[in-house]
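What follows is each chain in one-letter form.
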Amino acid sequence: IIPRACEAIFDKMAKAKPGEQEGGGAGGNDVRYKVEASMLEIYNERIRDLFVPMSQQEKAGLKVRDSPSTGAYVDGLKKIPVVSYHQIERLMAFGTK
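What comes next concerns the included structure. (Residues numbered from 1 in each chain as written. Predicted model: local features only at pLDDT ≥ 70, side-chain atom pairs only at ≥ 80, totals over all residues. Heavy atoms only, no water.)

Here we come to helix α2 (residues 85-95). Along α2, the residues classified as buried are Y85, I88, L91 and G95. The buried residues of α2 occupy an angular sector of 115° when the element is viewed end-on, so they sit on one face. Looking at the buried residues of α2, the elements they touch are α1 (2-15), β1 (35-37) and β6 (80-82). (Buried < 20%, exposed > 50% of the residue type's maximum accessible area, 1.4 Å probe, protein only. Helix = DSSP H or I, 4+ residues; strand = E, 2+ residues; numbered from the N terminus. Arc of directions from axis to C-beta. Contact = heavy atoms within 4.5 Å.)

Using the criterion set out here, one finds three salt bridges in the structure. The closest approach of N and O atoms between K34 and E36, which form a salt bridge, is 3.6 Å. Here K34 falls in the exposed class, since its relative accessible area comes to 72%. As a salt-bridge pair, E41 and R48 come within 2.8 Å of each other at their nearest N and O atoms. For R48, a relative accessible area of 22% corresponds to the partly exposed category. (Salt bridge = Lys/Arg side-chain N within 4 Å of Asp/Glu carboxyl O.)

Here we come to the pairing of strand β5 (residues 71-75). Sheet topology note: the strand β4 (residues 63-67)/β5 ladder contains five bridges and is antiparallel. Bridge assignment links D66 to a residue of β5, and that residue is A72. Hairpin connection from β4 to β5: three residues lie between these consecutive antiparallel strands. (Pairing = 2+ DSSP bridges.)

Between α1 and α2, the shortest axis-to-axis distance is 9 Å and the interhelical angle comes to 155°. By the angle class used here, α1 and α2 are roughly antiparallel. Relative to α2, α1 is oriented so that their crossing is right-handed. Two secondary-structure elements touch here, α1 through I2, P3, C6, E7 and F10 and α2 through Y85, I88 and M92. Considered class by class, the residues forming the contact of α1 with α2 number seven nonpolar, no polar and one charged. (Axes fitted to C-alpha atoms, helices over the stretch in contact; angles between N-to-C directions. Parallel < 35°, antiparallel > 145°, perpendicular 65-115°, else oblique. Left-handed = near helix turned anticlockwise from the far one by under 90°. Nonpolar A, V, L, I, M, F, W, Y, C, P; charged D, E, K, R; others polar.)

Set out below in structure tokens:
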């Protein structure tokens, strides 16, 4: 389901016209997209970043934190900016090695 959802997101972004306004009405804000990819594994109550080689991982794993402004997040999880579905495919292949 993740690959299909990612592909749909980039298809929608590609079909959006430059300068298209959010909501389609006059006076709306210009739409800008920022897409980042992360991949993690939760196993035996430990969280690890699948974009970081095992040799560079902390043995204790990553921690889930809570922010009043953004909500729950994984502290130290790598976020990689992506501009295409092809990049996400490559990252998923890397993360599943």
